[in-house]
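# Tertiary structure, described
As a plain string of letters, each chain reads:
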Amino acid sequence: MNWRNIRLIYAREIRDQLRDRRTLFMIAVLPMLLYPLLGMSVFQLSQFVRKSEPVILIIGAEQLQAEHTLPPLFENGKFAANLMADPKLADWLHLEFAPNENAATPPSVPSAKKPHAHASGGEDAESARDAVLIAAEERLKTGDVQVVLHFPADFGHRLRELHAQIKARAEGGHEQAARLPPVDIPRPQLTSNSSKEKSAIANMQVEQVLDAWRSQIGRENLLASEIPANVVRPFDLQPHDIAERRQQQALMWSKILPFVLIIWALTGAFYPAVDLCAGEKERGTLETLLSSPAARIEIVWGKLLTVMTFSTATALLNLASLGMTARYVMTQLSAMPRVDLAEGMQLPPIPSLLWLVAALLPMSAFFSALCLACAAFARSTKEGQYYLIPLFLVSMPLMMLPLQPGIELNLGNSLVPIMGVVLLVMSLVQSNYAEALRYFVPVCAVTLVCCHLAIRWAVYQFNQESVLFRESERLDPKRWLVHLVRDRQDTPTLAQAFFCVTLIYVIQFFVQIAVSAHVPAVPDFRFLTLVLFISQVVCIALPALLMAIILTGRPRQSLLLVRVPRLITCMVAVSLAVLLHPLGLQLATWIRELYPVQHEVQSDLEGFTQLLQTAPYAWLPYVIMAVLPAFCEELAFRGFVLSGLRHIGSKWWAIGLSAVFFGMAHGLAQQSLAAAIVGLAIGYIAVQTGSIVPCMLFHMTYNGLMFATQLWPQALQQHPGLTNVVYEPSPGQILYTWPLMLLCGGLAAVLFAWLKRLPYQATREEQISDARSRQSLQAFAPVASEPAKSQLS
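Presented here is a report on the structure given in the accompanying data block.

Criteria and thresholds
- Residues numbered from 1 in each chain as written.
- Predicted model: local features only at pLDDT ≥ 70, side-chain atom pairs only at ≥ 80, totals over all residues.
- Heavy atoms only, no water.
- Helix = DSSP H or I, 4+ residues; strand = E, 2+ residues; numbered from the N terminus.
- Buried < 20%, exposed > 50% of the residue type's maximum accessible area, 1.4 Å probe, protein only.
- Areas by Shrake-Rupley, 256 points an atom, 1.4 Å probe, with all protein chains shown as cover.
- Axes fitted to C-alpha atoms, helices over the stretch in contact; angles between N-to-C directions.
- Left-handed = near helix turned anticlockwise from the far one by under 90°.
- Contact = heavy atoms within 4.5 Å.
- Pairing = 2+ DSSP bridges.
- Salt bridge = Lys/Arg side-chain N within 4 Å of Asp/Glu carboxyl O.
- Expected span 1.5 Å × (residues − 1).
- Arc of directions from axis to C-beta.
- Bend = angle between axes of the 7 residues up to and from the residue.
- Phe/Tyr/Trp six-rings, centres within 6.5 Å; stacked < 30°, edge-to-face > 60°.
- Lys NZ or Arg CZ within 6 Å of the ring centre and 35° of its normal.
- Core = buried A, V, L, I, M, F, W, Y, C linked by side-chain atoms within 4.5 Å.
- Patch = residues over 30% accessible without salt bridge, like charges linked within 9 Å, V, L, I, M, F, W, Y side chains within 5 Å.
- Parallel < 35°, antiparallel > 145°, perpendicular 65-115°, else oblique.
- Nonpolar A, V, L, I, M, F, W, Y, C, P; charged D, E, K, R; others polar.

## Description of the overall build of the protein
Looking only at helices and strands, the protein features 31 helices and eight strands. The buried share among the 793 residues of the protein stands at 42%. Summed over all atoms, the accessible surface of the protein reaches about 44,000 Å², with 63% contributed by carbon and sulfur.

Next up, the structure:
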């Protein structure tokens, strides 16, 4: 690979991008103007936008003002200030008192217009009150009021009666207290409309006021009964926060800066990548570049460095603009009276910013390679911009999840792409260097692996002529369906393989929902068998079989059912399953330690195991847990899906993707990780042998041994000598000893080496890819670059 060619391509692309005014505006001008404009807009709009005061309709408030034995709930037409956590809320809540025709309006309650006189009597008063409640609910539905607080007719009288009884008991002793009847106090009704946010917020504020008022009444009753108030509440907590102000600031910035930096790194990488690939296709300059003496990998590296430059510049300029804007705002706030926000919002220290920049470089490389590969696939700039949404949908959860409470940096989370980087940067910004140092190596390793895979994908895209020079075509559903059936290939295409996987996942999703809605109160083995049969045959095997029959010319070849494997090949597959079983148990244990299973899920798994033990025949659990998945899953993932994925041009990419898809088909995340790793071995067997039968035998044997581990605890009790081979670290958990695992690993490596020597039938795409790989190796030799310089310039 000639680095001088890469430097020339890099200079050419940078020069072309800097000539584009739209790129300059998106990269340099917009970040410098975005945050000041947002801050100015917020300040200006806050002057015009006034929070509307919620209206609280009070019904029956007049009875609370008859005497002064109760603590006041209302003062001057508002809630009492001593009941509010913030006295300003008393002015924000606008109280409207319903008129009362049977009692005079108390002095502290605003007078209301009297309605027309009604007939006297209890029934008329009750009818009038019901009419007021109905009218209040109608106003609540229309939004005229936000909360209706209704005190029953004798609520205040009962409260005063209770207070009098408590006082009488305190004065008259136990004999007098025994003769007093108990007082039943009716409950006030607080009505709101939870479908409207304004009503829900007002309801929460009124509940807090009523809780404070109820506590005051309780204290008054305790004083009347001559009982100390601390009897009900014997102590109060004294909060003490040992965190320094600097640490609080670091926590706040650790939630903001990594997210802003990474989201702009993705945004800044996408638009230049689209212009460098899809834009050059539209301008017709890509052919000139490809015809130059520079190799494809050199072109990719030149464009990749260009996209990385703009991605890094965009993220840093946004970070600088955000910092300057925040600094200016805090300076202005510090000059305002009674505003202490600036004290709690100081900018992070310089070492934290340096860690942000250090984390930006690998993330920019990762996003740049992804965007470059997606942009190379696009036919036009317009189509390339559509690919931004899927990238955001995949990346956003990994960026947002670390911001949730309770998500900490540990070994399991450090192995998740993007998420591990965000958590590591958050720890470094908070100056938790000891914690960050423990997981620095796994985070960097995962990030570098992701960067390498993304760059390999981008190089692969540029090596495919069918990708670089795809022509725009108009979709005609009728012609497309005719072409799909009439022009069938012998094996499924790459798109058909991806569609089959998507179809399997969609069917699994709806079947799981349907099954969960029809689970009997006491599940039995028959129900379990039915569920497993539907999940394997209907969800996994049936879509692959139908697509192989309808969409391919040779269904047997698509499902790897043409070649009859030799007996020794089948024996090697079974032996590999036996040898990899101890390693698989240890791997599953490590995965559960990294990502512990929730208690609810663990209880469900234990119930599942108990249902298997209720089988009428001893061999039936083996059939539904080992034989049935071996047939169904292998036909789908190592048959149809792997045959389609091999059109990628690399058997290793095909094996890896099929293993990932195979793992994702398992419902439990811990099982998905273990199944994906085992799927690599099964995929390699399928490619090397060219038959699905050894894969089924491997799968059947491996699952059967996993199911047979339930018998080991009883065997260890009967035969203590087996502890030299297996041991039980915890009840119900079986692991093999390390010498045995090392021996099994060595023998498994020998069998894999034997499989490697088998001649396998490469696809046409794999043959072309191998030829191009051999040509790419010649790019590492030094080449005279003067002609290249004139042509690239």
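## A short note on the packing of helix 24 (residues 620-645) against helix 27 (residues 693-708)
Closest axis-to-axis distance for the helix 24/helix 27 pair is 8 Å, and the angle between their directions is 145 degrees. When you trace helix 24 past helix 27, the crossing you get is right-handed. On helix 27, the residues that touch Pro621, Tyr622, Met625, Ala626, Val627, Pro629, Ala630, Phe631, Glu633, Glu634, Leu635 and Arg638 of helix 24 are Cys695, Met696, His699, Met700, Asn703, Gly704 and Phe707.

## Focus on the sheet that holds strand 1 (residues 55-59)
Pairing is mixed in the open sheet, where four strands are placed in the order 4-1-5-6. Edge positions in the open sheet fall to strand 4 (94-97) and strand 6 (189-192), since each of these has one partner strand only. Strand-to-strand, the axes of this sheet are offset by a mean angle of 20 degrees, without reference to chain direction. Of the strand pairs in this sheet, strand 1 and strand 4 are connected by four bridges, and their pairing is parallel. Directly across from Leu57, in strand 4, lies its bridge partner Glu96. Helix 6 (residues 197-224) rests against strand 1, strand 5 (147-150) and strand 6 of the sheet, and its axis sits at about 30 degrees to strand 5.

## Quick notes on the pattern of salt bridges
All chains considered together, the criterion is met by nine salt bridges. Note that Arg12 and Glu13 form a salt bridge whose closest N and O atoms lie 2.6 Å from each other. We note a salt bridge from Glu280 to Lys303, for which the minimum N-O separation is 3.2 Å. With Glu280 in helix 7 (residues 245-283) and Lys303 in helix 9 (residues 296-335), the pair connects residues that are 23 residues apart, well separated along the chain. Summarising the burial analysis for this pair, Glu280 and Lys303 share the class buried. Via salt bridges that share partners, Arg12, Glu13, Glu280 and Lys303 belong to a single interconnected network.

## Observations concerning helix 29 (residues 738-756)
Compared with an ideal rise of 1.5 Å per residue, which puts 19 residues at 27 Å, helix 29 spans 27 Å between its outermost C-alpha atoms and is within 8% of the ideal. Looking only at helix 29, the buried set comprises Met741, Cys744, Ala748, Leu751 and Leu755. One side of helix 29 carries all its buried residues, which in axial view fall inside an arc of 85 degrees. Exposed positions of helix 29 whose direction lies more than 90 degrees from the buried face are Pro739, Leu742, Leu743, Val750 and Lys756. For helix 29, the elements touching its buried residues are helix 22 (567-594), helix 26 (669-689) and strand 8 (733-736).

## Looking at helix 10 (residues 350-377)
Since the α-helix packs 3.6 residues into each turn, any two residues three or four apart lie on the same face. For helix 10, spanning 28 residues, the distance from its first C-alpha to its last is 41 Å, which sits close to the expected 40 Å at 1.5 Å a residue. In the structure, helix 10 departs most strongly from a straight axis at Leu360, where the bend amounts to approximately 25 degrees and where the proline Pro362 lies between one and four residues downstream.

## Notes on the side chain of Ser658
You can see Ser658 is positioned in helix 25 (residues 651-664). Every residue in contact with Ser658, bar those within four places of it in the chain, is listed here: Phe637, Arg638, Leu642 and Leu645.

## So, the environment of Cys444
For Cys444, the position within the fold is in helix 16 (residues 440-463). Assessed through its relative accessible area of 27%, Cys444 is described here as partly exposed. Along the primary structure Cys444 and Val421 are separated by 23 residues, whereas in three dimensions their C-alpha atoms are 8.0 Å apart.

## Examining the packing of aromatic side chains
Under the definition given, this model contains 16 aromatic pairs. Taking 5.1 Å as the distance between ring centres and 85 degrees as the angle between the ring planes, the aromatic pair formed by Phe74 and Phe97 counts as edge-to-face. With a gap of 23 residues between them, Phe74 in strand 2 (residues 74-75) and Phe97 in strand 4 connect regions that are remote in the sequence. Of the two residues, Phe74 and Phe97, neither departs from the other in class, the shared state being buried. Sitting above the plane of the Phe662 ring, Arg638 keeps its charged end 4.2 Å from the centroid.

## Here's the deal with the nonpolar core
Residues Phe366, Phe367 and Leu372 are the most contacted members of the largest nonpolar core, which totals 74 residues. Every element with two or more residues in this core is listed here: helix 7, helix 8 (286-290), helix 9, helix 10, helix 12 (388-400), helix 14 (419-429) and helix 16. Per-element accounting of this core gives the leading share, 16 residues, to helix 7. The residues contacting Phe366, other than those within four sequence positions of it, are Ile418, Cys450, Cys451 and Ala454. In this structure, Leu551, Leu579, Ile655 and Ala686 belong to the second largest nonpolar core, which totals 50 residues.

## Some words on the environment of Ala573
Along the chain, the position of Ala573 falls in helix 22. For the pair Ala573 and Leu697, spaced 124 residues apart in sequence, the C-alpha to C-alpha distance is 6.7 Å. Discounting chain neighbours no more than four positions away, the residues touching Ala573 are Pro694 and Phe698.

## Some details on unusual backbone geometry
With a phi close to 65 degrees, Ile418 is a non-glycine residue in the positive phi region. The residue Ile418 is located in the loop between helix 13 (411-414) and helix 14 in this model. Judged by its relative accessible area of 6%, Ile418 is buried. A positive phi angle, close to 65 degrees, is found at Ser431, a residue other than glycine. In this structure, Ser431 sits in the loop between helix 14 and helix 15 (433-438).

## Topic: a nonpolar patch on the surface
Side chains of Phe25, Met26, Val29, Met32, Leu33, Leu37, Met40, Tyr271 and Met324 sit close together on the surface and give an oily, nonpolar patch of about 770 Å² of accessible area. Broken down by element, the nonpolar patch gets its largest block of residues, seven residues, from helix 2 (residues 21-48). Looking at the element boundaries, Leu33 is found in helix 2.

## Focus on the side chain of Asn318
Locating Asn318 in the fold gives a position in helix 9. Using a relative accessible area of 0% as the deciding quantity, one classes Asn318 as buried. In contact with Asn318, other than residues within four places in its own chain, are Pro31, Leu34, Tyr35 and Trp264.

## Quick notes on the packing of helix 10 against helix 14
Packing of helix 10 against helix 14 brings their axes to within 9 Å, and their N-to-C directions diverge by 165 degrees. Taken together, helix 10 and helix 14 sit at an angle that is classed as roughly antiparallel. Once helix 10 is placed against helix 14, the crossing between them reads as right-handed. Within the contact between the two elements, helix 10 uses Ser352, Trp355, Leu356, Ala359 and Met363 and helix 14 uses Val421, Val425, Leu428 and Val429. Here the residues of the contact of helix 10 with helix 14 are counted per class, giving eight nonpolar, one polar and no charged.

That is the geometry; function is a separate question.
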